[in-house]
Amino acid sequence: MRGLNMIDGCKSAQVYSLNQMAGGGAAGGGGKEGFLQQLQEHLRVNSVRSRAHQRCQNVSQTSNGNSTTVAEALAAYGLPKADLIEPQIDPFLKFVDFVGVLADVYRRLENCPELERSEMYMEQCAIFRGMPDPKLFRRCLRSARQHAVDVHSKVVLSAWLRYERREDELLGVSAMDCSGRSMECPKGSLVSGYNPESVNDNCLCFRGGEEEGGLESDEVCSTSLSYGGEVDDDDYDMWFCVGEDEVRCNRFKISSLSRPFKSMLYGNFVEAKKERIYFAQNGISAKAIRAAEVFSRIKSVDSFDPNVVLELLSFANRFCCDELKSACDVFLASLVGDIEMALQLIDYGLEETAHLLVAACLQVILREPSCSVQPNVLRHFCTSEALQRLASVGHASFLLYNFLSLIAMEENMKSNATVMLLERMGDCATKSWQKQLAFHQLGCVMLERREYKDAQKWFEAAFQAGHVYSLIGVARGKDKRGHKYKAFKLTNSLFSDCNPCGWMYQERALYSSGREKMMDLNTATEMDPTLSYPYKYRAVSMMEEDKIGVAISEVNKIIGFKVSPDCLELRAWFLISLGDYEGALTDVRALLTLDPKYMMFHGQMPGEQLVELLCNLVEQRDQADCWMQLYDRWSSVDDIGSLAVVHHMLAIDPGKSLLRFRQSLLLLRLNCHKAAMRSLRMARNHAASDHERLIYEGWILYDTGYREAAIAKAEKSISLQRSFEAFFLKAYVLSETTADHESSFYVIKLLEEALRCPSDGLRKGQALSNLASIYVDVDKLDHAVDNYTNALTIKHTRAHQGLARVYHLKNLRKTAYDEMTKLIEKARDNASAYEKRSEYCDREMAKSDLSMATRLDPLRTYPYRYRAAVLMDDHKEAEAINELTRALAFKPDLQLLHLRSAFLDSIGDYVSTIRDCEAALCLDPNHSDTLELYRKAQKLAEEQQE
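Below is a short write-up of the structure. (Residues numbered from 1 in each chain as written. Predicted model: local features only at pLDDT ≥ 70, side-chain atom pairs only at ≥ 80, totals over all residues. Heavy atoms only, no water.)

With respect to the pairing of strand β2 (residues 245-249)
So, step 1. Of the strand pairs in this sheet, strand β1 (residues 238-242) and β2 are connected by five bridges, and their pairing is antiparallel. Bridge pairing in β2 links Phe-240 to Val-247.
So, step 2. With antiparallel pairing between neighbouring strands as the criterion, β1 and β2 make up a hairpin whose turn holds two residues, including Gly-243 at a positive phi of roughly 65°. (Pairing = 2+ DSSP bridges. Helix = DSSP H or I, 4+ residues; strand = E, 2+ residues; numbered from the N terminus.)

This is how it looks when you write it as structure tokens:
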């Protein structure tokens, strides 16, 4: 159906360092010189066309202003050099024994007290942050909010959940808008107390009343202070005198405000014997005293002017009037509705230690991420003094600074504000994992800022706190400071202290050369094929030897299953050298879809400028030509090519929301979730109608875990206008949520309704294929064949896979195999096709297909599970477990863990079985098969121990 294996992995790391001077590329030896001359010659030949030449004169200025031709513009940046490529240090927690860490967290989470579960879920969040599937992180974040106890945690976590959807980027949505979900409701966050079940209820905003003790403020502009109801004159028995004003009061009611007043009015002080008490030296106005008198009778400040309430707050603090302070705190908190008001009131709240007022101000600031990194806002968070002020009102926490530093790092990793926020995060860290995260991220930031001594210091602190991965940062700092051999020795020490991992071999390769370097890089790829640096290094090394075709093949290996801007940039370089400007333009357009602000050639040329240059060297297409090209790319399962076509179409028509939506679907298929969500938000913002906007909002909600809310958006859209996308959204979400026959027939009806609505062939092909798969689920195989066939007639190539499944169910195994062969021949990205075809042939042919699938996409887990199962059948238990262990080293996967735990159970290793079950349950606490095996293994382990 719709691609769901999402990854938040579209980073802006540059591909390599390049020579800064214009002639730097030509000085590097015969291989490079030949490459550069070839590049210049290709570009000069193609730039003789007058129109293209004139356009290049206008747009091809380089950073130093020395070049006005396409050839010189590209040659000025030099050539990629293998010696200058460097892998990025991941700015999150990374572990040597990840499975053991998952098991340990699950164990502690199951045994921790209820009121501590929120913090445990946040530790789980920190562990999952580095994993490719963002759904795991968001699930833990929702659980942390669900189990939050205090107002501060609720405010931060609610804002964080909203930030994950980047709702601040949605036009027409304000920071304090309520989505209807209790765990993100701004009013609900200001209510203290532990009630994990309440997150499933409608939020306060949807209960139809103003019941929450002063959080509403419709009457705040009233200035009536004199009366709180009719009062008999006999009730007044004293006066407070402020200058010429006298405020009548009831001694008993004033004394009830606080212990100091009670001591003053009924104790041994002279005021106890006076009817008139002079109050002029306390800095309190008569208006505030009159308000305090009214409060002493009616116990409410809702009718007072906000300025008077501010003065009452100061009065309550000075004289320890707890009830009055609480009422003022609640009332002022209800006034905070925008960033301006928050910035006005937060200083008052901090000065008067008003916990709820500061929480309300903090909430608005955090729900406006773009505002939270502005200087006038950051002054409330960055300094040590700011930390102390926040701590005085209970609003300084590791949680807060973890969130703020995340926003700052995404905004500008090298900024001073980022450094200061991370330092405050370290100040708030108390647990080992918190110190590891704060210090490691500080090291990463300092490394980016080229402050190598400080980077080394922070990485060492993270390592001392227990984060082994930070040791490579220490080595990187030593190397940058000229101590390469020390860096090598330090990295090499990891191999004797820990079980070797792929990233260890990668890091050691940085400090070696020649054969040893290539051996380490090859071992790194073998142990962890997801590491991109070894592919890039080998590719650039081959390019330096003028083996351009082999270099392209090498970088194609990683792009085939893990698309990233830096790898696309590298391949674009190689394609330019071959004169394949169409291919280079395709890669640059796809790259800019992942990261629109990407700077090419070591940050010296905007990607959009390179697009302009290359556009002059290829055939120009109009929108109609692009649609035809998109159909061809889509039908050949060329997702990168399809992305490039959509990017071109959006350049022609930027406001086309339908194209943005297509873009998001392609990005999801490529596991680029962050970029996909950005495209969805832009589609929503460019929607031409309300019913269309609701559809995109529904997809955003679905992709961030709110399925019921997504269905509600689809239903509302249908009520406004029946459309293909609205019916498809509802059908898709329901098919993922329920699996019974009755629900399946309802989904069939929805898809049939969708197909009756106007749409293009691309989407109708998808709907027909989805409809066919539901028919297979309900055993209507002939109907499934009809729909798959109809999908193929409109070039929905992936329907071959569904059709093969039907033939297999009809015991037509050879026909199913042939059907998958057609898909392999047509599809450009065909790892899944090889994997699926393996199900329809004998064991030896299946092994061959699965080996090919693993070579094309090592992240696919089925081939490892199949090979392990075959080994178990052959009674090769150790080899079977090693096959799964090899995959788990770079892809902690639920199914892999479950299968390995079952194998371990079968050989009686119950301790290891329990560990794997716990790790699997950390990924999915409700996986029934693993839960059953876990309980069984625990029982057997106890019996064995006894």
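As for the layout of surface pockets
So, step 1. Within this model, the second largest pocket holds a volume of roughly 390 Å³.
So, step 2. Arg-589, Glu-608, His-647, Leu-650 and Ala-651 are the residues nearest the centre of the second largest pocket, which is lined by 22 residues in total.
So, step 3. At five residues, the largest contribution of residues to the lining of the second largest pocket is made by helix α33 (residues 639-652).
So, step 4. Residues belonging to the lining of the second largest pocket are distributed by class as follows: nine nonpolar, six polar and seven charged. (1 Å grid on protein atoms, 1.4 Å probe; cavity = no way out; pocket = protein on both sides within 12 Å on 5 of 7 lines; lining within 4 Å. Points joined across faces, edges and corners; volume = space filled by probe spheres on them. Nonpolar A, V, L, I, M, F, W, Y, C, P; charged D, E, K, R; others polar.)

What about empty space enclosed by the protein?
So, step 1. Considering all chains together, one arrives at three cavities of 30 Å³ or more under this definition.
So, step 2. A volume near 140 Å³ is recorded for the largest cavity.
So, step 3. Around the largest cavity sit 15 residues that line it, and Glu-582, Leu-585, Arg-589, Arg-621 and His-648 are the ones nearest its centre.
So, step 4. Those elements giving two or more residues to the lining of the largest cavity turn out to be α29 (581-594), α32 (623-635) and α33.
So, step 5. Within the lining of the largest cavity, the residues separate by chemical class into five nonpolar, five polar and five charged.
So, step 6. Its volume calculated, the second largest cavity comes out at about 40 Å³.
So, step 7. Taken together, Arg-138, Arg-142, Leu-161, Glu-164, Arg-165, Thr-704 and Tyr-706 form the lining of the second largest cavity.
So, step 8. Elements with a minimum of two residues in the lining of the second largest cavity: α6 (134-146) and α7 (151-164).
So, step 9. For the lining of the second largest cavity, the class distribution of residues is two nonpolar, one polar and four charged.

Re the state of the cysteines
So, step 1. Across all of its chains, the model carries zero disulfides by this definition.
So, step 2. There is no disulfide at Cys-498, and the cysteine sulfur nearest it, in Cys-501, is 7.5 Å away.
So, step 3. Assessed through its relative accessible area of 16%, Cys-498 is described here as buried.
So, step 4. With relative accessibility at 12%, the residue Cys-501 sits in the buried group. (Disulfide = S-S within 2.5 Å. Buried < 20%, exposed > 50% of the residue type's maximum accessible area, 1.4 Å probe, protein only.)

Quick word on the packing of helix α19 (residues 416-428) against helix α20 (residues 432-448)
So, step 1. Between α19 and α20, the shortest axis-to-axis distance is 8 Å and the interhelical angle comes to 160°. Regarding the angle of α19 to α20, the classification is roughly antiparallel. The two elements α19 and α20 meet at a crossing, and its hand is left-handed. In this structure, α19 contributes Thr-418, Val-419, Leu-422, Glu-423, Met-425, Gly-426 and Cys-428 to the contact, and α20 contributes Gln-434, Leu-437, Ala-438, Phe-439, Gln-441, Leu-442, Val-445 and Met-446.
So, step 2. The residue makeup of the contact of α19 with α20, split by class, is 10 nonpolar, four polar and one charged. (Axes fitted to C-alpha atoms, helices over the stretch in contact; angles between N-to-C directions. Parallel < 35°, antiparallel > 145°, perpendicular 65-115°, else oblique. Left-handed = near helix turned anticlockwise from the far one by under 90°. Contact = heavy atoms within 4.5 Å.)

Let's talk about the pattern of salt bridges
So, step 1. All told, the structure shown has 61 salt bridges when counted by the stated rule.
So, step 2. When the shortest N-O distance is used, the salt bridge between Arg-798 and Asp-639 registers 3.7 Å. With a gap of 159 residues between them, Arg-798 in the loop between α41 (781-793) and α42 (799-809) and Asp-639 in helix α33 connect regions that are remote in the sequence.
So, step 3. The partly exposed category is assigned to Arg-798, whose relative accessible area is 25%.
So, step 4. The partner of Arg-722 in a salt bridge is Glu-753, with the nearest N and O atoms 2.2 Å apart. Remark: Glu-753 occurs in helix α39 (residues 741-756) and Arg-722 occurs in the loop between α37 (707-720) and α38 (724-737); sequence separation between them is 31 residues.
So, step 5. Each of the salt bridges in this network shares a partner with another, and the network as a whole consists of Asp-104, Arg-107, Arg-108, Glu-123 and Glu-918. (Salt bridge = Lys/Arg side-chain N within 4 Å of Asp/Glu carboxyl O.)

Quick notes on the pairing of β1
So, step 1. The buried fraction of β1 is high, at five of five residues.
So, step 2. What you see with β1 is no split at all: Met-238, Phe-240 and Val-242 on one side and Trp-239 and Cys-241 on the other are buried throughout.
So, step 3. In the sheet, β1 pairs with strand β3 (residues 276-278) via three bridges, with the strands oriented parallel. Bridged to Trp-239 within β3 is Arg-276.

Observations regarding helix α31 (residues 607-615)
So, step 1. By the criterion of burial, α31 is predominantly enclosed, with seven of the nine residues buried.
So, step 2. Those residues of α31 not exposed but buried are Gly-607, Gln-609, Leu-610, Val-611, Leu-613, Leu-614 and Cys-615.

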